[in-house]
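Fold and contact review
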Amino acid sequence: MHPALADHINPGCVDLVERLMNCHADSKWAKFFGKCNALSEALNKCLGEEFEIRRRKQLIEARARRARVEAKWAEQREDDRQQEEFERLQKERNTAVES
């Protein structure tokens, strides 16, 4: 059985979906004996290819998002390091003035 087949999610498989639905509608009993199996297998292959395309696109987008987050984290760590250094110097100056 196929997942919900939407035109906007699987644009490359619309023709196969329609042909399979028509095959099922035209031959109510023949579909149980394998008449529509070739279309079903072609649709499975098409859906697999569509899934792989989406997966690769999402992987590229996720890696780009992760790189942006990593850059922000590095910037934040540098800011924290500079703030700690500043506070350390302030503390040293205060102790030197008090002495």
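Our subject in this report is the structure included herewith. (Residues numbered from 1 in each chain as written. Predicted model: local features only at pLDDT ≥ 70, side-chain atom pairs only at ≥ 80, totals over all residues. Heavy atoms only, no water.)

So, the state of the cysteines
Tallying each qualifying case throughout the model produces two disulfides. Here Cys23 connects covalently by a disulfide to Cys36, the sulfurs 1.9 Å from one another. Residues Cys23 and Cys36 are joined by a disulfide whose S-S torsion is about -90°; by sign, that bridge is left-handed. Taken together, the residues span a long stretch of sequence, with Cys23 in helix H1 (residues 14-26) and Cys36 in the loop between H1 and helix H2 (37-98) at a distance of 13 residues. Cys36 carries the same exposure label as Cys23, and that label is buried. (Disulfide = S-S within 2.5 Å. Helix = DSSP H or I, 4+ residues; strand = E, 2+ residues; numbered from the N terminus. Buried < 20%, exposed > 50% of the residue type's maximum accessible area, 1.4 Å probe, protein only.)

As for H2
Look at H2: 89 Å from first C-alpha to last across 62 residues, which is about the 92 Å you get at 1.5 Å a residue. Buried residues of H2: Leu39, Leu43, Cys46, Leu47 and Glu50, and no others. Summarising the contacts, the buried residues of H2 are in contact with H1. (Expected span 1.5 Å × (residues − 1). Contact = heavy atoms within 4.5 Å.)

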